[in-house]
Amino acid sequence: QKEVEQDPGPLSVPEGAIVSLNCTYSNSAFQYFMWYRQYSRKGPELLMYTYSSGNKEDGRFTAQVDKSSKYISLFIRDSQPSDSATYLCAMTPSYNKLIFGAGTRLAVHP
Amino acid sequence: NAGVTQTPKFQVLKTGQSMTLQCAQDMNHNSMYWYRQDPGMGLRLIYYSASEGTTDKGEVPNGYNVSRLNKREFSLRLESAAPSQTSVYFCASSELGYEQYFGPGTRLTVT
């Protein structure tokens, strides 16, 4: 069993939709939870990070962590075609050695 | 300010050949990383260097060696390439471990 599970999609939604992306994990030692966005043929870039449990909001993006269920989510409101990318969750018990999910491919069509 | 640069962008090798992937960062970060990305597998850590002069194995180190040449540069060497090493390789650097800055990647095919 992988330490981090993420549905690879693809997920196709119309412009303006609310998107929900999720990951589950098995290691209860994970403390830092990140979402990276990767455009086609580019390197990943950090979108959001959360330490321990709770919610964090940044513009149209909200990250949620539920440590009791070992479940993290990323919500995108008012999705745009420019949000079309692969979204990778990542987590770590300390600063280094991130464990990444497989990534979910998202397509937002006009 | 170029961020993280990687060379080459593309490479085709025959089984058994060797090559070195180069990575450099201009952000004065202490930590540097090498990942490989395969379809359905996400990013997997090959080696990392928490600071100049130190290197440590990641999740998939077999078949690779690394050198932290100085604070800016971190190279990845394949001594005898195998088809299983066909992948996209990413270098990253970081000051805060969770916020990693990635290079554009090297697409490697081993035939």
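1. Description of the environment of G63 of chain B
Residue and element names in this part refer to chain B. Tracing the backbone through its elements, the reader meets G63 in the loop between β6 (56-57) and β7 (64-68). In this structure G63 comes out as partly exposed when scored by relative accessible area, which is 47%. Here G63 is in contact with R77, L78, E79 and Q85, once residues within four sequence places are set aside.

2. Topic: the packing of aromatic side chains
Inspection of the entire model under this criterion finds 14 aromatic pairs over all chains. Look at Y32 of chain A and Y98 of chain B: their rings are 5.6 Å apart centre to centre, the planes differ by 15 degrees, and that puts the pair in the stacked class. Separated into two different chains, Y32 of chain A in strand β4 (residues 32-38) and Y98 of chain B in the loop between β9 (87-94) and β10 (101-102) make up a pair that spans both. Look at Y32 of chain A and you get buried, because its relative accessible area is 16%. Measuring from centroid to centroid gives 5.9 Å for Y64 of chain B and Y89 of chain B, while their planes differ by 65 degrees, and the two rings are edge-to-face. Linking Y64 of chain B in strand β7 with Y89 of chain B in strand β9, this pair joins segments that are 25 residues apart in sequence. For Y64 of chain B, a relative accessible area of 4% translates into the label buried.

Reading the values: the criteria
Residues numbered from 1 in each chain as written. Chains lettered and ligands numbered in written order. Predicted model: local features only at pLDDT ≥ 70, side-chain atom pairs only at ≥ 80, totals over all residues. Heavy atoms only, no water. Helix = DSSP H or I, 4+ residues; strand = E, 2+ residues; numbered from the N terminus. Buried < 20%, exposed > 50% of the residue type's maximum accessible area, 1.4 Å probe, protein only. Contact = heavy atoms within 4.5 Å. Phe/Tyr/Trp six-rings, centres within 6.5 Å; stacked < 30°, edge-to-face > 60°.

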